[in-house]
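Chain and residue survey
Residue strings, one per chain:
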Amino acid sequence: MDILLVEDDSRVARIVCRALTEAGHKVDTSFDGGDGCLRARSGDYDLIVLDVMLPGMDGYEVARRLRGEEQRTPILMLTARDAVADRVYGLDAGADDYLTKPFALEELLARVRALGRRAQQAESSILQVGDLSLDPRRHEVTRGGKSIDLTAREFALLAFLMRHTGRVLAKDQIMDHVWGYESEASSNVVEIYIHYLREKVDRGFGNPLIRTIRGVGYTLRT
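The structure reproduced in this document is the subject of the present report. Note that the structure is a prediction, hence the values are computed from the model and not measured.

A separate point is the sheet that holds strand S8 (residues 140–143). Taken together, four strands build an open sheet; the order of strands is S6-S7-S8-S9 and the sheet is antiparallel. Where the open sheet ends on each side, the last strands, each with one partner, are strand S6 (127–129) and strand S9 (146–148). Strand-to-strand twist in this sheet, taken as the mean axis angle between neighbours without regard to direction, amounts to 20 degrees. Strand contacts of helix H6 (residues 152–163): S6, strand S7 (132–135) and S8, with the helix running at about 115 degrees to S7, the strand carrying the most contacts.

Rendered as structure tokens:
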């Protein structure tokens, strides 16, 4: 998974980052709440590991802001506060799981795996926006009951747009998710594939779903 670790203790961050990396995950690290919140908004992460006691903005506020913006990325909250009221507060702020310090790395990794499985199960659900339907398991797309034939890249792009319905996605975000960070694709490849999708998904239907927000990026909405 692509994981964002927000932890201000450099020693803890180093240990957790190494453990997650050795387990096969890709980890970005942030050391304060404001930066962590910004990265969570702009990056496409599978999981956020979030400390509570952070400079600038605490973990509760980060979680609350992300959930207020309809960010559904799973959050595993880390804290030295082990009182029931603190755990409840964290979960109510938007955390999906809660781990108190000090913790065993084996338990951290187990909780990460559990949240990953939960996210994959949610991801396998059929995506629906208006009369447009996408089935990730069967690799099928229909609109108004009509089957639409997409290439693998077109399918990945449409799925990314549908999972973020109503949210404006910048070209860089789309490139990173659909083509990968190491891709050598040219910068206009996103425009080209958006055009391909429009020809297949929007042409012939009364209500276009894929929209360009000039100077910002693209969004899919009814």
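Tracing the backbone through its elements, the reader meets Arg-18 in helix H1 (residues 10–22). For the pair Arg-18 and Tyr-89, spaced 71 residues apart in sequence, the C-alpha separation works out to 29 Å.

Our next topic: the pattern of salt bridges. Considering all chains together, one arrives at 13 salt bridges under this definition. A salt bridge links Glu-154 to Lys-200, with the nearest nitrogen and oxygen atoms 2.8 Å apart. On the criterion of sequence distance, the pair formed by Glu-154 in helix H6 and Lys-200 in helix H8 (residues 189–202) is long-range, its members being 46 residues apart. On the accessibility criterion, Glu-154 (4% relative accessible area) is buried. On the accessibility criterion, Lys-200 (31% relative accessible area) is partly exposed. Note that Glu-191 and Lys-171 form a salt bridge whose closest N and O atoms lie 2.2 Å from each other. Taken together, the residues span a long stretch of sequence, with Glu-191 in helix H8 and Lys-171 in helix H7 (residues 171–179) at a distance of 20 residues. Salt bridges sharing partners connect three or more residues here, namely Glu-7, Asp-51 and Lys-101.

About the thresholds
Residues numbered from 1 in each chain as written. Predicted model: local features only at pLDDT ≥ 70, side-chain atom pairs only at ≥ 80, totals over all residues. Heavy atoms only, no water. Pairing = 2+ DSSP bridges. Helix = DSSP H or I, 4+ residues; strand = E, 2+ residues; numbered from the N terminus. Axes fitted to C-alpha atoms, helices over the stretch in contact; angles between N-to-C directions. Contact = heavy atoms within 4.5 Å. Salt bridge = Lys/Arg side-chain N within 4 Å of Asp/Glu carboxyl O. Buried < 20%, exposed > 50% of the residue type's maximum accessible area, 1.4 Å probe, protein only.

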